[in-house]
Amino acid sequence: VQLVESGGGLVQAGGSLRLSCTASGRTFVTDAMGWFRQAPGKEREFVAAIGGRGGETYYGDSVKGRFTISRDNAKSTVYLQMSSLKPEDTAVYSCAAKVGFSSYYYERYDYWGQGTQVTVSS
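This section reports on the structure supplied with the text. Computed from a prediction, not measured in an experiment: that's the story for all the values here.

What to know about a nonpolar patch on the surface
Then step 1. Together, Tyr58, Tyr104 and Tyr105 make up a nonpolar patch on the protein surface, roughly 320 Å² of accessible area in all.
Then step 2. Residue placement: Tyr105 occurs in the loop between strand E9 (91–99) and strand E10 (111–112).

Notes on the pairing of strand E7 (residues 67–72)
Then step 1. Side chains of E7 alternate between two faces, with Phe67, Ile69 and Arg71 buried and Thr68, Ser70 and Asp72 left unburied.
Then step 2. Sheet topology note: the E7/strand E8 (residues 77–82) ladder contains six bridges and is antiparallel. Pairing of Ile69 across the sheet is with Leu80, part of E8.
Then step 3. Hairpin geometry of E7 and E8 is characterised by an intervening segment of four residues between the two adjacent antiparallel strands and by a positive phi of about 50° at Ser76.

Thoughts on the sheet that holds strand E3 (residues 17–24)
Then step 1. Taken in spatial order, the four strands make up an open sheet running E1-E3-E8-E7, and their pairing is antiparallel. Edge positions in the sheet fall to strand E1 (2–6) and E7, since each has one partner strand and no second. Between one strand and the next, the sheet's axes are offset by a mean angle of 15°, whatever the strand orientation.

Definitions and limits used
Residues numbered from 1 in each chain as written. Predicted model: local features only at pLDDT ≥ 70, side-chain atom pairs only at ≥ 80, totals over all residues. Heavy atoms only, no water. Patch = residues over 30% accessible without salt bridge, like charges linked within 9 Å, V, L, I, M, F, W, Y side chains within 5 Å. Areas by Shrake-Rupley, 256 points an atom, 1.4 Å probe, with all protein chains shown as cover. Salt bridge = Lys/Arg side-chain N within 4 Å of Asp/Glu carboxyl O. Helix = DSSP H or I, 4+ residues; strand = E, 2+ residues; numbered from the N terminus. Buried < 20%, exposed > 50% of the residue type's maximum accessible area, 1.4 Å probe, protein only. Pairing = 2+ DSSP bridges. Axes fitted to C-alpha atoms, helices over the stretch in contact; angles between N-to-C directions.

Rendered as structure tokens:
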């Protein structure tokens, strides 16, 4: 099982980025997918999650209304559209997969990508 993120980079505050995470090696359509982030010196934080069929989505309080998670099962890819970015969004963003329902808890995810750096300048 492999999850590969892309799309990170440097952006000014107020800007947008779209992260992608492509899965291989397992049946993607039945997995719940999540995005988490971790800034230096801080704990890993839940960002967003989406169910296997894409019917339900969940967001962390700090990103609600600014970030959107979606998935394209035909491409085995989950996306995180980030808008109105703030310097406090700066972190390494990682996608994760789990069998069954979505979860806010990173410990419940089975597979992880290597992460992609997002840096928001003020």
